[in-house]
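An overview of the molecular structure
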Amino acid sequence: MDPMKIAVPEMDKLFSIDGYLRLHERELRRRHGVIKDWLDKIAKNEDGGVDGFSQAYKYFGIHVQPDNAVVAREWAPGAQEVFLTGDFNGWQWEATPYTKLEFGKWELTIPPKEDGSCAIRHLSEIKVIVRTRDGTLVDRLSPWAKYVVQPPKEANQGTNYKQYLWHPPPHEKYMFRYSRPAKPNSMRIYECHVGIATEELGVGKYREFGDKIIPRIVRQGYNAIQVMAIMEHAYYASFGYQVTSFFAASSRYGTPDELKYMIDMAHKAGLYVLLDVVHSHASKNVADGLNRFDGTNTCFFHDGARGEHPLWDSRLFNYTEYEVMRFLISNLRWWHDEYNFDGYRFDGVTSMLYHSRGVGEGFSGDYNEYFGLNVDTDALVYLAVANEILHNLDKEITTIAEDVSGMPTLCRPVSEGGVGFDYRLGMAIPDKWIEYLKEKRDDDWNMGNLVHTLTNRRWMEKTVAYAESHDQALVGDKTLAFWLMDKEMYTHMSTMSGSSLIIDRGVALHKMIRLITHSLGGEAYLNFMGNEFGHPEWLDFPRVGNNDSYHYARRQWHLVDDEMLKYKFLNEFDRAMNILELRYNWLSSHPAYVSWKHEDDKVIVFERAGLLFAFNFHPSKSFTDYRLAVDVAGRYKIVLNTDDPLFGGHNRVDAKVDHLSTPEGYAGRRNFIQAYLPARTAFVYAKFD
């Protein structure tokens, strides 16, 4: 990569998109200058330039050479001595000391055995021993460990993870068979967790997911999966957000090769695979985490208050440290190169961007919030450098930022002075749905406020819209389906049961909420696994508070597979919605033009990608010959109808009827059609001539 490529940012494009940014040009140029300095420094200092820097996983950690010698390297600037031990040397740690190199690095070479075989066999247990500054000897896992496993409870070996050398013989290694799919223009993301993807009372496995769950996802019309909790985390209930081993694929779901199999099956099915990556913080674990690896409180992290997250009880990285930057960027490269992940969803970006960690921040939209002293420039620069390196590595890579603050330029290229993400998550949208379902009567829903929430995103910075992610499904909150129908979901979801006002309302609104979010809320769409069929109950991992139960840490697929239950209606609608987007590509089109939002009627009308969308959220009023503004004249027909019996609807509208436009200006458009809009229904119309 040529760092001079971004020497002069094309900021005129930024200012043409948002003229208010010109008031902060000086700060934007300062940030960009620091980003360029980092890229220049890497290119100058590294023998292999940026490419070599981002592949540090080939240098650090434990590696078996072609001649079966073992070379091990660590970065432990605060250590007095470093040793490698394990069952390969009878745990005689003094026998295998590392040699100290420059800049806090340590190196060890173990020659092959006399018969030419490797001194450390595949799956041998190993430990790094560090002598700290005060002379204390401490056990550690290598930060670059590729395979770590927690001993089974019955083994009585404690709960700390153990490191094993992962170096299977060539004939046992999994070899990828299928090529990566192209980056989707209209990204329909299925957010998933391998462990809870099983119906059994236990932890799901990579192979099971590849064989059984991927076909479900493909049938539903999704073209991407976002896989959670892959980077190893000692505490299952952290949902993968307290990472302990950044280079290790979680062993609770299977082996590294089995993860490769799962990703290969996803690619075979045409699915683009995103990794949920956590570089915003790290677990405080010492024995099996990064914390105090070299015996000091710093090493990978800031010291003092800046190195501790006030709410997450975790450590915060020191992004100004050269070796930390190397560690994190090569971590991203590792998952791309070794496991064929196609892109990344960065967790906790808001926490990274501000010294306040976003705690107690309202983010009013005042630009001083984004360009003032509260911004953590070091973290912002890390994100920009990572994005620039990733996108130059592979043009098909996608990066998504979990940011609720609305930081301007976050999703503009680094070459323009931005941070380089492709998308940000529309985090205000699910919060709005929960607010309405929890706090407002249906009669009090405000159409203008709803439309504002769905459309309030930065121009030319793409958003991933979603009605529900894992955050809303966790215990302590409720899923959309539970907010709508929890009182009767256990008694009235049978197709044989009588009509229920609660279930009828819940099924109707669940479809409408997903459709308007999908079509109006962004340039990509995300669904959390199970929400497509209104999965009942929350998600709760086994923990002390629930007697280590797996009852809520699974997906009850039998509910949607049972033809006698109404979950199938929600599932079929989700599929139809995705298939229609595949046909018309509204996610990759310009944002919608909203022509109508009527508070008394509770009706919203908009156009996008040549389609006309009409929503009647009124709980009781139906409208005959309701005028729907449309710009292009023609003959319109219904192509998606939430009231279709296939989706559990009441079949009140004939979808075969033609709607001829009237050439008369209405609601700011040149034409209109007239249609019947029953209460709590939504329709999508397409032009057929």
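Attention here is on the structure that accompanies the text. Starting afresh in each chain, residues are numbered from 1 along the sequence in its written order. Only residues with pLDDT of at least 70 get local features here, since the model is predicted, and only at 80 or more are side-chain atom pairs given and counted; chain-wide, interface and lining totals rely on the full set of residues. The side-chain quantities take in all heavy atoms of the structure and omit both hydrogens and water.

**As for the overall build of the chain**
Let me state the cut-off plainly: Helix and strand assignments follow DSSP, with helices taken as H or I runs no shorter than four residues and strands as E runs no shorter than two, numbered in order from the N terminus. It is over C-alpha atoms that the radius of gyration is taken, and the globule rule equals 2.2 Å times the number of residues to the power 0.38. Each residue's exposure class comes from its accessible area (1.4 Å probe, protein chains only) as a fraction of the maximum for that residue type: buried when under 20%, exposed when over 50%, partly exposed otherwise. By definition, residues are in contact when any of their heavy atoms lie within 4.5 Å. Just so you know, the count uses Lys and Arg for positive and Asp and Glu for negative, and it drops His and the chain ends. Charge positions are represented by NZ for Lys, CZ for Arg, CG for Asp and CD for Glu.
Counting its regular elements, the chain contains 16 helices and 27 strands. Whereas a compact globule of 689 residues would reach a radius of gyration of roughly 26 Å, the chain reaches 27 Å, a difference of no more than 12%. Summarising its shape, the C-alpha atoms of the chain cover approximately 85 × 60 × 45 Å along the three principal directions. For the chain, the residues scored as buried account for 60% of the 689 residues in total. Restricting the contact set of the chain to residue pairs at least 6 apart, pairs at least 24 apart contribute 72%. Charge centroids of the chain, computed over 79 positive and 94 negative side chains, lie 2 Å from each other.

**Comments concerning the packing of aromatic side chains**
Working definition: an aromatic ring pair is given by the centre-to-centre distance plus the angle between the planes. Rule in force here: Side-chain rings of Phe, Tyr and Trp, where Trp is taken by its six-membered ring, are said to pair if the distance between their centres is within 6.5 Å; with planes under 30 degrees apart they count as stacked, over 60 as edge-to-face, and otherwise as tilted. Whether a charge sits over a ring comes down to the Lys NZ or Arg CZ being within 6 Å of the ring centre and within 35 degrees of the ring normal.
Taken as a whole and assessed by the stated rule, the structure comprises 52 aromatic pairs. With 5.9 Å between their ring centres and 20° between their planes, W38 and Y322 make a pair best called stacked. Pair noted here: W38 is in helix α2 (residues 25–45) and Y322 is in helix α6 (residues 322–339), with a separation of 284 residues, a long-range link. Seen from their ring centres, F606 and F613 are 4.8 Å apart, and the 15° between their planes marks the pair as stacked. Side by side, F606 and F613 carry an identical accessibility label, which is buried. Above the face of the W38 ring, K41 is positioned so that its terminal group lies 4.0 Å from the ring centre. In this arrangement the basic side chain of K260 is found over the ring face of Y339, its NZ or CZ atom lying 5.6 Å from the centre.

**Comments concerning helix α11 (residues 447–455)**
Quick note on the threshold: Read the arc as the range of directions from the helix axis to the C-beta atoms. Counting of polar contacts relies on pairs of N or O atoms within 3.5 Å, with two restrictions inside protein: one atom must be capable of donating a hydrogen and the other of accepting it, and residues adjacent in sequence are counted only when both atoms are side-chain atoms.
M447, L450, V451, T453 and L454 are the residues of α11 that are buried. Summarising the axial view, the buried residues of α11 lie within an arc of 160°, below the 170-degree limit, and thus occupy one face. Where α11 is buried, its residues meet α10 (428–439), α14 (501–520), β20 (593–598) and β21 (603–608). With a side-chain oxygen lying 3.0 Å from the backbone nitrogen of G448, the N-terminal cap of α11 falls on N446.

**So, the sheet that holds strand β24 (residues 635–641)**
As a reminder, the rule being used: Following DSSP output, two strands are said to pair if at least two bridges run between them. Under this scheme, a helix contributes an axis fitted over its contacting stretch, all axes are lines through C-alpha atoms, and angles between N-to-C directions fall in the 0 to 180 degree range.
The sheet built from six strands is open, its strands ordered β20-β21-β22-β27-β24-β25 with antiparallel pairing. Looking at which strands have only one partner, the edges of the open sheet turn out to be β20 and β25 (659–660). Strand direction decides the pairing type here: β21 and strand β22 (residues 611–616), joined by six bridges, are antiparallel. When the bridges of β22 are listed, V603 appears paired with N616. Lying on the sheet, α11 is in contact with β20 and β21; it crosses β20 at an angle near 155°.

**Focus: empty space enclosed by the protein**
The gaps of empty space that remain are located by a probe, the size of a water molecule, rolled over the atoms. Just so we agree on the cut-off: Note on definitions: the grid is 1 Å and covers protein atoms alone; a cavity is a set of points where a 1.4 Å probe fits but cannot get out; a pocket is an open set with protein on both sides within 12 Å along at least five of seven lines; lining residues have an atom within 4 Å of a point. Grid points are joined across faces, edges and corners, and a volume is the space filled by probe spheres set on the points. Amino acids are sorted into nonpolar (Ala, Val, Leu, Ile, Met, Phe, Trp, Tyr, Cys and Pro), charged (Asp, Glu, Lys and Arg) and polar (every other residue, Gly among them).
Inspection of every chain in the model, using the stated rule, returns three cavities of 30 Å³ or more. What the largest cavity holds in volume is close to 70 Å³. Surrounding the largest cavity, S280, H302, R306, L316, F317, Y319, S351, M352, R357, D376 and A379 form its lining. When its residues are assigned to classes, the lining of the largest cavity shows five nonpolar, three polar and three charged.

**Re the environment of R554**
With respect to the element layout, R554 can be found in the loop between β19 (524–528) and α15 (557–561). Residues R554 and L640, spaced 86 residues apart in sequence, show a C-alpha to C-alpha distance of 31 Å. A distance of 3.0 Å separates the side chain of R554 from the backbone oxygen of E199, its partner in a polar contact.

**So, helix α5 (residues 256–268)**
Spelled out, the test is: To estimate the expected span of a helix, count its residues, drop one, and scale the result by 1.5 Å.
Its 13 residues give α5 an end-to-end C-alpha distance of 18 Å, which sits within 8% of 18 Å, the value for a rise of 1.5 Å per residue. Of all 13 residues in α5, 11 are buried; the element is thus mostly enclosed. Where α5 is buried, its residues contact α4 (206–219), β11 (224–228), β13 (243–249), β14 (272–277) and α6. Trailing α5 by a residue or two, G270 shows a phi angle of about 85°, which is positive.

**A word on the nonpolar core**
As a reminder of what qualifies: Take the buried Ala, Val, Leu, Ile, Met, Phe, Trp, Tyr and Cys residues and link them wherever side-chain atoms come within 4.5 Å; each set so joined is a nonpolar core.
With 181 residues, the main nonpolar core has W335, Y382 and F617 as its most contacted residues. In contact with F617, other than residues within four places in its own chain, are W433, W445, M447, L450, L509, M512, I516, K602, I604 and R680. Counting residues in each nonpolar core, the second largest holds 16 residues, with V603, V605, F623 and V630 among its members.

**Looking at the sheet that holds strand β5 (residues 105–110)**
Within a sheet, neighbouring strands are paired by backbone hydrogen bonds and run either parallel or antiparallel to one another. The four strands lie next to each other as β1-β2-β5-β4, forming an open sheet whose pairing is antiparallel. In this open sheet, the two strands that pair with only one neighbour each are β1 (61–64) and β4 (99–100). Where strand β2 (residues 70–75) meets β5, six bridges bridge the pair, whose relative direction is antiparallel. What sits directly across from A72, in β5, is L108.

**A look at the pattern of salt bridges**
Convention followed: The term salt bridge refers to a side-chain nitrogen of Lys or Arg lying within 4 Å of a carboxyl oxygen of Asp or Glu.
Applying the stated rule across the entire model yields 54 salt bridges. Of the charged contacts, one joins E461 and R424 as a salt bridge, the two residues approaching to 3.3 Å between their closest N and O atoms. Placement of the pair is E461 in the loop between α11 and β18 (463–466) and R424 in strand β17 (residues 423–425), with a sequence separation of 37 residues. R424 sits in the buried class, given a relative accessible area of 7%. What emerges from the salt-bridge pattern is a single network uniting D18, D403, R424, R458 and E461.

**Points about the environment of K260**
Mapped onto the secondary structure, K260 falls in helix α5. Residue class for K260 comes out buried when judged on its relative accessible area of 10%. It is 8.6 Å that separates the C-alpha atoms of K260 and Y206, two residues lying 54 residues apart in sequence. Leave out the neighbours within four places in its chain, and K260 touches Y174, F176, E338 and Y339.

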